[in-house]
Amino acid sequence: MKLATTHIAVLLLISILMMGCRGQQTENPPIAPQQNMQFQERFNAQQENPFFENNMSMRMPVEGTIARGKMRDNPTVYEGVDDEGNYVEENPMDVTKSFLYRGKERYDIFCQACHGGTGDGRGIIMTGQYGYVPAPTFHRSASYEMTDGEFYSAIANGIRSMPSYATQIPVEDRWAIVAYVRALQRSQNIPEAELEDYDIDIAELQEEYQARIAREEARAEAMAVDEEEEVSAEIGEALYTRYACNTCHSVDGSRLIGPTFANLYGSERTFTDGTSQIADEDYIYESIVDPSVLIVEGYDDIMQSYDYLSESELQSLVEFIKAQSDN
Ligand code: HEC
Ligand code: HEC
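Residue positions are given per chain, counting from 1 as you read along its sequence in written order. Key to labels: chains lettered from A, ligands numbered from 1, both in the order written. This being a predicted model, a pLDDT of at least 70 is required before a residue's local features are given, and a value of 80 or more before pairs of side-chain atoms are given or counted; all residues contribute to the totals for chains, interfaces and linings. Excluding hydrogens and water, the side-chain figures rest on all heavy atoms present in the structure.

Caption draft 1: Just the coordination of the iron atom of ligand 2, in detail. Each metal site lists N, O and S donors within 2.8 Å (3.2 Å for Na, K and Ca). With water left out of the atoms, a site can look as if it is missing ligands. Around the iron atom of ligand 2, the protein contributes the donor atoms His249 (NE2) and Met303 (SD), which lie 2.0 to 2.1 Å from the metal centre. A four-donor site is classed as tetrahedral when every donor-metal-donor angle falls between 85 and 135 degrees; four donors are called square planar, and six octahedral, when trans pairs exceed 155 degrees and all remaining angles lie between 65 and 115, with any other arrangement labelled irregular. Considering all six donor atoms around the iron atom of ligand 2, the spread of angles at the metal, 87 to 178°, places the coordination shape in the octahedral class. One end of the pair, histidine 249, is in the loop between helix 12 (245-248) and strand 1 (268-270); the other, methionine 303, is in the loop between helix 13 (281-289) and helix 14 (311-322), with 54 residues separating them in the sequence. Owing to a relative accessible area of 13%, histidine 249 belongs among the buried residues under this scheme. Helix and strand assignments come from DSSP, with helices taken as H or I runs of at least 4 residues and strands as E runs of at least 2, each series counted from the N terminus. Note on classification: 1.4 Å probe, protein chains only; a residue is buried when its accessible area is under 20% of the maximum for its type, exposed when over 50%, partly exposed between these limits.

Structure follows, in structure tokens:
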């Protein structure tokens, strides 16, 4: 009996001691009583290997062979372009109902968080003000005019500041998403006459819609009440980063996706419609809340409206941009 207690005490001591060893740092190699195949001769990537004539340990693929799954000889399917390298107009896949549903499922997983469930650009990440570049709505003419191939390319290669989703989304699913986004676009643009063919109560939907708008307006008003807030270029500078303006606009004169803010204030701007004007406070303010009205020459109409910012935030941004000018 005595012996058993001692045994137990010793075992307990050993296990406590062993637990105590975990988490300690040491420069020594680990002790491996049972080595299995942990240590064996091998070559690291790019290492020299005198066994071969060219001294390379990494071998080239045998000429004329293609690894399984790498046979990508159809540019229409894999890159969304035709033989001349132009984006294809139409989805090369067979767009069936189940294919569309697959697209919906994938869209909801990979795109919805930013582009919104209906494609209106109001995904949860955007409304949460996490400082992301705003995702555009798909319900605007620039997006309607994009071909299926361009949409495919946006997923495969990324577009401007949006990264590529190629590693997460395989080729066929990308096309399924393209098909679904097209369906989303159509769904928001059904003529009233066609709507009447469906079994829905339009008046009821309109009422619901009006009620929602009223609720949103009431909420915006409630939020706007205590807005006797400070306006300054310093606050503007913080907002410039928080709302990701810095992704597209530099302050050091370099060209990013949009024009630089350096010396913008007071300079003459030329627009794609052929008109021009001096960038005063009003112009800068309007450029932030209504960026699609005047498009600076040499740039694309891709900036999203920031009309959801508070009045003082907008003013601070204007002050910040003014501060980037010597004149
Ligand atoms: C993390 C947020 C995010 C996710 C997720 C995301 N996007 Fe985007 N997307 C953006 C942003 C931001 C832009 C605007 C980029 C810019 O203008 O610099 C954009 C732009 C686009 C455009 C260009 C639209 C236009 O009118 O110029 C397309 C097309 C697009 N995204 C498709 C998709 C698809 C399809 C998915 C899902 C596979 C997706 N995006 C997922 C953020 C996102
Ligand atoms: C996705 C990129 C993008 C983001 C993010 C963005 N912009 Fe822009 N912005 C542009 C582009 C492109 C233009 C030029 C085309 C145009 O006039 O719409 C532009 C134009 C402007 C102009 C007019 C510039 C000129 O040279 O006349 C102002 C001012 C401006 N943006 C302010 C802002 C502010 C403030 C923010 C952040 C709250 C912001 N932008 C976020 C892309 C962006």
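On we go from here.
Caption draft 2: Layout of the site of ligand 2. Ligand 2 sits among 25 residues. The nearest are Cys245, Cys248, His249, Tyr283 and Met303. Polar contacts, as used here, are pairs of N or O atoms within 3.5 Å; protein pairs need one atom able to donate a hydrogen and one able to accept it. Residues neighboring in sequence count only if both atoms are side-chain atoms. Proline 291 places a main-chain nitrogen or oxygen 3.2 Å from an oxygen atom of ligand 2. With respect to ligand 2, the backbone of valine 296 contributes an N or O atom lying 3.0 Å from an oxygen atom. Ranked by the residues each element gives to the shell around ligand 2, the list is headed by helix 13, at four residues. When grouped by side-chain class, the residues that make up the shell around ligand 2 number 20 nonpolar, three polar and two charged. For this description, a residue counts as near a given molecule or strand if any of its non-hydrogen atoms is within 4 Å of it. Residues are grouped as follows: nonpolar covers Ala, Val, Leu, Ile, Met, Phe, Trp, Tyr, Cys and Pro; charged covers Asp, Glu, Lys and Arg; every other residue, Gly included, is treated as polar.

Caption draft 3: A look at the packing of aromatic side chains. What counts as a ring pair is set by centres within 6.5 Å for rings of Phe, Tyr and Trp (its six-membered ring), and what kind of pair is set by the plane angle: stacked under 30 degrees, edge-to-face over 60, tilted for all other angles. As enumerated under the stated definition, the model contains nine aromatic pairs in all. An aromatic cluster is present here, built from Tyr240, Phe261 and Phe320 joined pairwise through their rings. Charges are assigned to positions over rings by a cutoff of 6 Å between ring centre and Lys NZ or Arg CZ, combined with an angular limit of 35 degrees from the ring normal. A cation sits over an aromatic face here: arginine 59 above phenylalanine 52, 3.6 Å from the ring centre.

Caption draft 4: Representation of the coordination of the iron atom of ligand 1 in the model. Protein ligation of the iron atom of ligand 1 involves His115 (NE2) and Met162 (SD), the donor distances falling in the range 2.0 Å. Here the iron atom of ligand 1 binds six donor atoms, and the angle range of 87 to 179° at the metal identifies the geometry as octahedral. A residue pair is termed long-range when its members are at least 10 positions apart, and histidine 115 in helix 4 (residues 112-115) and methionine 162 in the loop between helix 7 (148-157) and helix 8 (171-187) qualify at 47 residues. You can call histidine 115 buried: its relative accessible area is 9%.

Caption draft 5: Structural context of the domain arrangement of the protein chain. Source of the domain bounds: an automatic or database domain assignment. According to the domain assignment, the protein chain contains domain 1 (75-187) and domain 2 (233-322). Facing the 12 residues of domain 1 at the interface are 10 residues of domain 2. Salt bridge criterion: a side-chain nitrogen from Lys or Arg within 4 Å of a carboxyl oxygen from Asp or Glu. Linking domain 1 to domain 2 there are zero salt bridges. Taken together, the links from domain 1 to domain 2 amount to one residue pair in polar contact (both at pLDDT 80 or more). Residues belonging to the side of domain 1 that touches domain 2 are distributed by class as follows: five nonpolar, four polar and three charged. Any two residues whose heavy atoms approach within 4.5 Å at even a single point are treated as in contact.

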